[in-house]
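Residues per chain, in single letters:
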Amino acid sequence: MEAAKKEKIRVLFTRNLFEGHDIGLRGIVHKCRESGIEVVYYPRFKDFNEVVKVAEEEDVDIVGISSSSGAHVYLAEGLISSLRERGMDIPLIMGGVISDKDILRLKEFGVKGIFGPGSTPDEVVSFIFTLLDKH
Amino acid sequence: MGDSVKTQKREDIKIDGLMEAYFEKPNRLTTCSGFPVKDIYTPADLDGIDYEGNIANAGEYPFTRGIHQNMYRGRYWTMREAGGYARAADTNKRLKFLANEGVSGFSIFRDLPTVWGIDADHPMAEGEVGVSGVNLTSLKDMEELLDGIPLDKVSVALLCASSLAPVIFSQYITVAEKRGIDIAKLRGTIANDPLHSRYCYGKPGNPIDLSVKLAVDIIEFCTKHMPFWNTNSVNAYDMRETGINAPEEIAFGFEIAMEYIRKAIERGLDVDDFAGRISFYFSAGMDFLEEIAKLRAARRLWAKIMKERFGAKKPGSWKFRFGVHTAGSSLVPQQPLNNIIRITIEALVAVLGGVQSLHCCSYDEPIALPSEESQRIALRTQQILAYETGVANTADPLGGSYFIENLTNKIEEEAVKIIKEIDEMGGMAEAMKKEWVDQKIDQAALQLQKEIENKERVIVGVNAFITAPENKTPGGVHRIPPETEREQIANVKSLKETRDRKKVKETIKRLRERAQMGEGENLIPSISEALKAYATVGEIQGTIREAYGLTYDPFDIMKSQY
């Protein structure tokens with residue numbers, strides 16, 4: 001991939017095929033677009049390689065997963081290892097119904113930002129800007 | 001409005017803030033759905049309303065005031081609290097706990113692999129087994145789940161609103177049959193609504209037409225064999241939870257119900273033979289008065305639709321019978337004990353709105369599946385309403401209120417307009433195929449977010465009256481035992497090795513032959529036979545899918561072994 005600086009930050013937002021909840025994610029996608037972030041919205045993925053492939057093809061800077069079914073730990077573990085296998089160092093952020101105890105576990109796996117219940121779309125947007133500034 | 005995190009010392013008082021609070025007044029003078037609200041409502045707002053024709057006493061057409069003449073004086077609403085997590089044995093324990101605390105009905109919630117109709121040992125199920133409900137891969141799970149529960153005496157709501165509903169329903173009646181119980185005596189509800197589920201459970205595994213065919217199988221089977229069973233609980237609730245408004249909840253729910261009714265009539269059933277067992281599942285949200293008016297408007301409109309559009313003649317066919325689940329989307333994780341108050345207000349909406357069956361959410365739901373303690377409080381909320389407040393002593397106590405009657409009319413008028421729009425598209429299935437419903441949901445979600453951001457909609461603890469985040473959820477967080485998935489997968493694998501393969505093969509073969517006979521062939525009896533041989537949900541669904549020209553596995557990973 002050519003290192004030429006892209007004009008805008010690009011984020012892939014997606015969720016697991018089984019995931020029903022999406023009010024939160026819809027709000028975040030909207031807020032990101034309003035803030036000048038280019039969003040690739042991939043409604044649902046079936047397996048981790050699919051996410052890796054889309055992230056690669058769309059040349060995104062961040063992958064965001066929404067999970068409220070309770071499978072977040074499984075999803076984080078699987079996705080991060082799939083990204084690593086492919087040699088990709090794209091930061092992963094997650095949001096949804098995630099308890100405090102699990103937030104610690106997700107951080108250990110290397111999830112960069114976790115937005116549990118009560119987080120706002122604005123928090124996600126400012127996190128993305130801050131993270132990519134440093135990245 | 002006090003919206004900043006308290007950083008001052010306790011003894012400091014912000015005098016400006018105090019003055020501001022004293023003079024503060026409501027800034028949003030519309031209902032949640034956007035109907036303008038006037039200073040006061042008077043007899044002039046009831047002009048043109050004919051009591052006998054438009055409102056009528058409870059128990060009389062069009063049932064605006066309730067479906068029974070004496071409402072709760074005959075019997076309280078059914079008090080349910082949903083149970084469903086981890087293994088069947090875990091859920092069984094929770095159901096017994098709830099029974100001992102005084103519920104008058106059960107409600108069983110399944111996990112997502114079950115909704116999809118894949119077995120626990122399917123590779124795609126990984127990470128989801130027993131997580132958001134109980135896993136019901138085979139009849140063995142249902143047997144364990146219902147162990148010690150007298151099926152001939154209790155009312156059970158099976159919440160599995162997908163095209164797998166016929167299999168879960170058959171699991172339930174098969175357990176009853178094996179215990180020697182006459183299925184004609186079973187009382188309960190199956191959330192047999194695959195159309196709504198595409199907005200709420202993820203992309204469905206089966207195409208719309210096959211899903212609706214299977215839904216009609218349940219209606220037909222119950223019409224012939226199970227007079228006390230509610231054949232559909234059409235789920236307007238989940239639609240409302242996406243953010244749509246009150247008239248849309250009514251219109252979308254009714255349009256979905258009409259799809260099933262039309263198909264059941266095409267199957268050859270007489271509308272009066274089954275309409276009395278169609279029920280609904282509605283939300284009760286925080287706009288107290290509007291939500292009560294919504295339930296009254298729904299009752300009146302449904303009566304008209306059944307009588308005028310479908311020509312139903314029996315009064316039982318005209319009655320809008322419904323359960324309420326308080327609005328989960330109104331609950332917030334900030335200051336979570338406040339949710340108990342929200343749930344109480346919503347439960348009161350349901351009772352004043354004439355509900356038949358009520359489920360109160362638990363205050364910890366924005367954070368996790370409910371704990372025993374939080375579910376007990378949810379149940380106590382219902383019991384306090386029933387036994388301490390006196391609100392159940394008379395039918396429709398708010399009937400005749402100038403505002404309520406006026407709003408009931410407005411909501412009905414708006415719902416009628418939306419129904420007309422959907423009719424013109426060719427019905428709900430068509431509106432779904434065109435993604436018109438998706439657009440409505442998307443617009444609603446954006447509007448909601450904007451209203452919260454600009455504080456047009458105030459949510460205490462979220463955009464006003466914020467306190468420092470609590471470190472712990474009061475009462476603790478309920479966690480699914482981590483060994484659940486591994487154990488359930490092992491159970492399923494061992495079942496597949498130890499069951500009588502010959503019997504599975506024979507019953508699956510018969511199911512395939514029946515399924516190949518076309519849409520008119522009711523598959524419930526052959527599903528039940530296959531279940532008795534311990535065929536799994538994946539095997540049963542796969543066999544039906546193949547007969548309909550689809551891949552055996554919705555993910556096209558597994559192949560049929562039979």
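The structure presented is a predicted model; accordingly, all values stated were derived computationally and were not measured. (Residues numbered from 1 in each chain as written. Chains lettered and ligands numbered in written order. Predicted model: local features only at pLDDT ≥ 70, side-chain atom pairs only at ≥ 80, totals over all residues. Heavy atoms only, no water.)

**Some remarks on the interface of chain A and chain B**
Reasoning step 1: In this complex, chain A contributes 26 residues to the contact, which on the side of chain B involves 34 residues.
Reasoning step 2: Buried surface at the junction of chain A and chain B, summed over both partners, amounts to about 2,400 Å²; 58% is from carbon and sulfur atoms.
Reasoning step 3: Its largest share of buried area at the contact with chain B, chain A owes to Phe18, Ile23 and Arg26 of chain A, together 30% of the area lost on that side.
Reasoning step 4: Scanning the region where chain A abuts chain B turns up two salt bridges.
Reasoning step 5: Note that Glu453 of chain B and Lys31 of chain A form a salt bridge whose closest N and O atoms lie 2.9 Å from each other.
Reasoning step 6: The tally of links from chain A across to chain B stands at six residue pairs in polar contact (both at pLDDT 80 or more).
Reasoning step 7: For the side of chain A that touches chain B, the secondary-structure elements that each account for two or more residues are helix H1 (23-34), helix H4 (100-109) and helix H5 (121-134) of chain A.
Reasoning step 8: Residue composition of the side of chain A that touches chain B, by class: eight nonpolar, eight polar and ten charged. (Contact = heavy atoms within 4.5 Å. Buried area = accessible area lost by both parts, 1.4 Å probe. Salt bridge = Lys/Arg side-chain N within 4 Å of Asp/Glu carboxyl O. Polar contact = N/O pair within 3.5 Å; in protein donor to acceptor, adjacent residues only side chain to side chain. Helix = DSSP H or I, 4+ residues; strand = E, 2+ residues; numbered from the N terminus. Nonpolar A, V, L, I, M, F, W, Y, C, P; charged D, E, K, R; others polar.)

**Describing the packing of helix H14 (residues 338-352) of chain B against helix H15 (residues 372-388) of chain B**
All names here are of chain B.
Reasoning step 1: For the pair H14 and H15, interaxial distance at closest approach is 10 Å and the crossing angle is 45 degrees. Here H14 is positioned oblique relative to H15, judged by the angle of their axes. The two elements H14 and H15 cross, and the hand of that crossing is right-handed. Across the interface between the two elements, Ile340, Thr344, Ala347, Leu348 and Val351 of H14 pack against Ile377, Thr381 and Leu385 of H15.
Reasoning step 2: Partitioned by chemical class, the residues of the contact of H14 with H15 number six nonpolar, two polar and no charged. (Axes fitted to C-alpha atoms, helices over the stretch in contact; angles between N-to-C directions. Parallel < 35°, antiparallel > 145°, perpendicular 65-115°, else oblique. Left-handed = near helix turned anticlockwise from the far one by under 90°.)

**Observations regarding the nonpolar core**
Reasoning step 1: Counting 145 residues, the largest nonpolar core has Phe254 and Phe282 of chain B as its most contacted members.
Reasoning step 2: Summarising the domain contributions, this core has at least three residues from each of domain 1 (43-434) and domain 2 (499-547) of chain B.
Reasoning step 3: Judged by nonpolar contacts, the second largest core, of 27 residues, contains Phe48, Ala55, Val73 and Leu79 of chain A. (Core = buried A, V, L, I, M, F, W, Y, C linked by side-chain atoms within 4.5 Å. Buried < 20%, exposed > 50% of the residue type's maximum accessible area, 1.4 Å probe, protein only. Domains from an automatic or database assignment.)

**Section: the sheet that holds strand S8 (residues 322-326) of chain B**
Within a beta sheet, neighbouring strands are joined by backbone hydrogen bonds and run either parallel or antiparallel to one another.
All names here are of chain B.
Reasoning step 1: With parallel pairing, the nine strands of this open sheet are ordered in space as S5-S4-S3-S2-S1-S9-S8-S7-S6. Edge positions in the sheet fall to strand S5 (229-230) and strand S6 (232-235), since each has one partner strand and no second.
Reasoning step 2: One ladder, built from two bridges, connects strand S4 (residues 187-190) with S5; its direction is parallel. Its bridge partner lying in S5, Gly188 is registered against Trp229. (Pairing = 2+ DSSP bridges.)

**What about the packing of aromatic side chains?**
Residue and element names in this part refer to chain B.
Reasoning step 1: Under the definition given, this model contains 27 aromatic pairs over all chains.
Reasoning step 2: Centre to centre, the rings of Phe280 and Phe282 are 6.1 Å apart; their planes meet at 80 degrees, and the pair counts as edge-to-face. A single burial state applies to Phe280 and to Phe282, both of which are buried.
Reasoning step 3: Aromatic pair Phe320 and Phe322: ring centres 4.9 Å apart, planes at 20 degrees, arrangement stacked. (Phe/Tyr/Trp six-rings, centres within 6.5 Å; stacked < 30°, edge-to-face > 60°.)

**Brief notes about the pattern of salt bridges**
Residues and elements named next belong to chain B.
Reasoning step 1: In this structure the tally under the stated criterion is 50 salt bridges over all chains.
Reasoning step 2: Of the charged contacts in the structure, one is a salt bridge between Arg240 and Glu249, with a shortest N-O distance of 2.8 Å. Both residues of the pair, Arg240 and Glu249, belong to the buried class.
Reasoning step 3: In this structure, the salt-bridge partner of Arg240 is Glu291, at a minimum N-O distance of 3.0 Å. You can see Arg240 sitting in helix H9 (residues 236-241) and its partner Glu291 sitting in helix H12 (residues 288-309), a full 51 residues away along the chain. Side by side, Arg240 and Glu291 carry an identical accessibility label, which is buried.
Reasoning step 4: Salt bridges linked by common partners bring Lys213, Asp217, Glu220, Lys224 and Arg267 together as one network.

**As for the confidence of the model for chain B**
Residue and element names in this part refer to chain B.
Reasoning step 1: In this model, chain B carries a mean pLDDT of 93, and residues with pLDDT of at least 70 account for 97%.
Reasoning step 2: Low pLDDT, under 50, characterises residues 4-8; the predicted model gives this stretch seven contacts beyond four residues in sequence or across chains.
Reasoning step 3: For this predicted complex, the interface confidence reaches an ipTM of 0.77, while the overall pTM sits at 0.91. (pLDDT = per-residue confidence, 0-100.)

**A closer look at the pairing of S6 of chain B**
All names here are of chain B.
Reasoning step 1: The alternating pattern of S6 places Asn232 and Val234 on one face and Ser233 and Asn235 on the opposite face, and all of these are buried.
Reasoning step 2: Where S6 and strand S7 (residues 278-284) come together, four bridges link them in parallel fashion. By the bridge assignment, Val234 is partnered in S7 with Phe280.

**A word on the sheet that holds strand S1 (residues 10-16) of chain A**
All names here are of chain A.
Reasoning step 1: What the five strands build is an open sheet, ordered S2-S1-S3-S4-S5; its pairing is parallel. The open sheet terminates on both sides in strands that have one partner only, identified here as strand S2 (38-45) and strand S5 (113-115). Strand-to-strand twist of the sheet, defined as the mean angle between neighbouring strand axes without regard to direction, takes the value 20 degrees.
Reasoning step 2: Here S1 runs beside S2; their pairing, made up of six bridges, is parallel. Each bridged residue has a counterpart across the sheet, and for Phe13 the counterpart in S2 is Tyr41.

**Things to note about helix H22 (residues 537-547) of chain B**
Owing to its 3.6 residues per turn, the α-helix brings residues three or four apart onto one side.
Residues and elements named next belong to chain B.
Reasoning step 1: Taking burial as the measure, the eleven residues of H22 include nine buried ones, the bulk of the element.
Reasoning step 2: Buried within H22 we find Val537, Gly538, Glu539, Ile540, Gln541, Gly542, Thr543, Ile544 and Arg545.
Reasoning step 3: Those residues of H22 that are buried are in contact with helix H4 (112-116), helix H6 (165-178), helix H8 (208-225), helix H19 (484-498), helix H20 (501-515) and helix H21 (524-532).
Reasoning step 4: Among the residues trailing H22, Gly549 stands out with phi positive, at a value near 75 degrees.

**Focus on the packing of helix H10 (residues 246-266) of chain B against helix H16 (residues 402-425) of chain B**
Residue and element names in this part refer to chain B.
Reasoning step 1: H16 packs onto H10 with a crossing angle of 45 degrees between their chain directions and a minimal axis gap of 8 Å. On the basis of their axis angle, the class for H10 and H16 is oblique. Here H10 runs over H16; the crossing is right-handed. Where H10 abuts H16, its residues Pro247, Glu248, Ile250, Ala251, Phe252, Phe254, Glu255 and Met258 lie against Ile411, Glu414, Ala415, Ile418, Ile419, Ile422 and Asp423.
Reasoning step 2: Here the contact of H10 with H16 is composed, by residue class, of eleven nonpolar, no polar and four charged.

**Topic: the environment of Arg10 of chain A**
Residue and element names in this part refer to chain A.
Reasoning step 1: Among the structural elements, Arg10 can be located in strand S1.
Reasoning step 2: With 19 residues separating them along the chain, Arg10 and Val29 place their C-alpha atoms 11 Å apart.
Reasoning step 3: Setting aside chain neighbours within four positions, we find Arg10 in contact with Glu38, Val40, Glu58, Asp59, Val60, Asp61 and Ile62.
Reasoning step 4: Only 2.7 Å separates the side chain of Arg10 from the side chain of Glu58, close enough to count as a polar contact.

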